[in-house]
Amino acid sequence: MLFLLENIIFVSFIIFIGSAIIQLVYYLFFFSRILFYSSNYNSNQEQPVSVVICAYNEAENLQQNLPSILHQNYPKFEVLVVNDGSTDETANILKAFQKKHPHLKVLSLKYPNGKKGGKKNALAKGIQAAVYDNILVTDADCYPSSKNWIQKMYNALIDKNEIVLGYGPYSKNKESEFLLNSFIQFETIYTAIQYFSFALWGKTYMGVGRNMMYKKYLFEQVGGFEKHQHITSGDDDLFINQVANPTNTTINIDSESFMYSEPKRTWKEYFNQKQRHLTTGKHYKFIHQILLGLLSLSHFLFYFSAFICLVYSYSPLVLGLFIITIATKTIIFYSISLKLKEKVRF
């Protein structure tokens, strides 16, 4: 029995060392790149932009958020809202906005048989109907951090860049549970750290559909969402996973380019959202699955093996490496959160 325990402790020690090294490599060599990255892009050109928004029964959100998008400081742009078979006051609200804003275009989709085509269908039709080649996508429940949102996102389309991954933070919703709100803020930052750092590494695997810009011809070259049309989600991550390469993608962490939205108010809503998102991960490119899976596995193995080592065979080496790893991760995470203008609440 003692021999078995000694073997378990030895294996746990090896696993602990390995998982700690993996996490330190990710944080020190990949995640930390964000700290040294600047989004101070300057563009001498200002080509027209098409902002595409899908809306299904979003009357209240459009009433509240659409003005901040229509009143952007940009010389030439259109806002194309795809009314995806809404049954509320969405159509009437859009008509009222159109009377005052000629650059607002509305594409109304009808479903005589009552069967909707889903967001991918609506977004694809919106992109096809867009007049301009520079496509900037967001959602009806989002609002930009500034009047320079379009300008800042477009400025990043320099040199060979064809895709710009923006940041989509959540506002601090006072109506949602404190623990849930705090967890959502934490997860949003951590997710952004991953897809931003991977993009800087040349391994772009996703973006967030509430704040992304890309060239229309990219969408057309791959046939839109045809390859993953059967999957409910993925209009952002699976599409980006498909079209991004090491040289055509950049990130934008300029605070004026952020696009805010309201977080889920209940754990049930949050888990339903996460379940939809998790279904897309298995469709990522194999290299992305390996890199993300290795990171996730290292988290679990790090804490589990540390627990076994410290409980059954106290070791100053294990304790020291545990503290160093946690401290390094905390410092880098907190520093990046400050750069993203976030305040993690715990």
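Residues numbered from 1 in each chain as written. Predicted model: local features only at pLDDT ≥ 70, side-chain atom pairs only at ≥ 80, totals over all residues. Heavy atoms only, no water.

Chemist: How should the packing of helix α6 (residues 178-200) against helix α11 (residues 316-339) be read in this particular structure?
Modeler: For any two helices packed against each other, the geometry is given by the interaxial angle and the distance between the axes. Relative orientation of the contacting elements α6 and α11 amounts to 95 degrees, with a least axis distance of 10 Å. If you check the angle between α6 and α11, you find them roughly perpendicular. Along its contact with α6, which presents Phe186, Ile189, Tyr190 and Ile193, the element α11 presents Phe333, Ile336 and Ser337. Class assignment for the residues of the contact of α6 with α11 results in six nonpolar, one polar and no charged. (Axes fitted to C-alpha atoms, helices over the stretch in contact; angles between N-to-C directions. Helix = DSSP H or I, 4+ residues; strand = E, 2+ residues; numbered from the N terminus. Parallel < 35°, antiparallel > 145°, perpendicular 65-115°, else oblique. Contact = heavy atoms within 4.5 Å. Nonpolar A, V, L, I, M, F, W, Y, C, P; charged D, E, K, R; others polar.)

Chemist: Before we go on, may I ask you to explain the nonpolar core in this structure?
Modeler: In summary, soluble globular proteins display a tendency toward joint burial of nonpolar side chains. Within the largest apolar cluster, 85 residues are counted, with the highest numbers of intra-cluster contacts made by Phe31, Leu66, Val79 and Phe196. Per-element accounting of this core gives the leading share, eight residues, to α6. Excluding its chain neighbours within four sequence positions, the residues that come into contact with phenylalanine 31 are Tyr26, Tyr190, Ile193, Gln194, Ser197, Phe198, Leu295, Ile332 and Ile336. By size, the runner-up hydrophobic cluster in this structure holds eight residues, among which are Leu24, Ala306, Cys309 and Leu321. (Core = buried A, V, L, I, M, F, W, Y, C linked by side-chain atoms within 4.5 Å. Buried < 20%, exposed > 50% of the residue type's maximum accessible area, 1.4 Å probe, protein only.)

Chemist: What is the right way to read the pattern of salt bridges from this model?
Modeler: Pairing between side chains of opposite charge can happen when the charged atoms of each approach one another. Following the criterion strictly, the structure yields four salt bridges and no others. With a shortest N-O distance of 3.6 Å, lysine 105 and glutamate 78 are connected by a salt bridge. Of this pair, lysine 105 sits in strand β3 (residues 104-109) while glutamate 78 sits in strand β2 (residues 77-84), placing them 27 residues apart in sequence. A relative accessible area of 3% means that glutamate 78 is categorised as buried. Between lysine 152 and aspartate 254 there is a salt bridge, with the nearest N and O atoms lying 3.5 Å from each other. Of the two residues, lysine 152 is situated in helix α5 (residues 149-155) and aspartate 254 in the loop between β8 (249-251) and β9 (259-261); the sequence distance between them amounts to 102 residues. Since its relative accessible area comes to 14%, aspartate 254 is described here as buried. (Salt bridge = Lys/Arg side-chain N within 4 Å of Asp/Glu carboxyl O.)

Chemist: Teacher, can you tell me more about the packing of aromatic side chains here?
Modeler: Here a ring pair, both rings aromatic, is described through the centre-centre distance and the interplanar angle of the planes. Throughout the structure, instances matching the rule amount to 24 aromatic pairs. Residues phenylalanine 16 and phenylalanine 302 carry aromatic rings whose centres are separated by 5.3 Å and whose planes lie at 20 degrees to one another, so their mutual orientation is stacked. One end of the pair, phenylalanine 16, is in helix α1 (residues 2-30); the other, phenylalanine 302, is in helix α10 (residues 286-312), with 286 residues separating them in the sequence. Comparing phenylalanine 16 with phenylalanine 302, the two get one shared label, buried. With centroids separated by 4.8 Å and ring planes inclined at 55 degrees, the aromatic side chains of tyrosine 214 and phenylalanine 239 adopt a geometry described as tilted. Taken as a pair, tyrosine 214 in strand β7 (residues 212-215) and phenylalanine 239 in helix α8 (residues 237-243) lie far apart in primary sequence, 25 residues in all. Here the two residues tyrosine 214 and phenylalanine 239 agree in accessibility, since each one is buried. Clustering of aromatic rings is evident, with ring pairs tying together Tyr26, Tyr27, Phe30, Phe31, Phe186, Tyr190, Phe198, Trp201, Tyr205, Tyr284 and Phe333. (Phe/Tyr/Trp six-rings, centres within 6.5 Å; stacked < 30°, edge-to-face > 60°.)

Chemist: What is the right way to look at the sheet that holds β2 in this model?
Modeler: The strands that make up a sheet are held in pairs by hydrogen bonds between backbone atoms, and each pair lies either parallel or antiparallel. Spatially, β3-β2-β1-β4-β7-β6-β8 is the arrangement adopted by the seven strands of the open sheet, whose pairing is mixed. The open sheet has two free edges, formed respectively by β3 and β8, since each of these has just one partner strand. Shown here is a sheet whose adjacent strand axes are inclined to one another by a mean of 20 degrees, direction ignored. Note that strand β6 (residues 163-165) and β8 share three bridges and pair parallel. Its bridge partner being in β8, leucine 165 is matched across the sheet by isoleucine 251. (Pairing = 2+ DSSP bridges.)

Chemist: Help me understand the environment of serine 255, please; the structure alone is not making it clear to me.
Modeler: The residue serine 255 is located in the loop between β8 and β9 in this model. Along the chain, serine 255 and lysine 268 lie 13 residues apart, while their C-alpha atoms are 31 Å from each other. Beyond its immediate stretch of four places on either side in the chain, serine 255 contacts Ser145 and Lys341.

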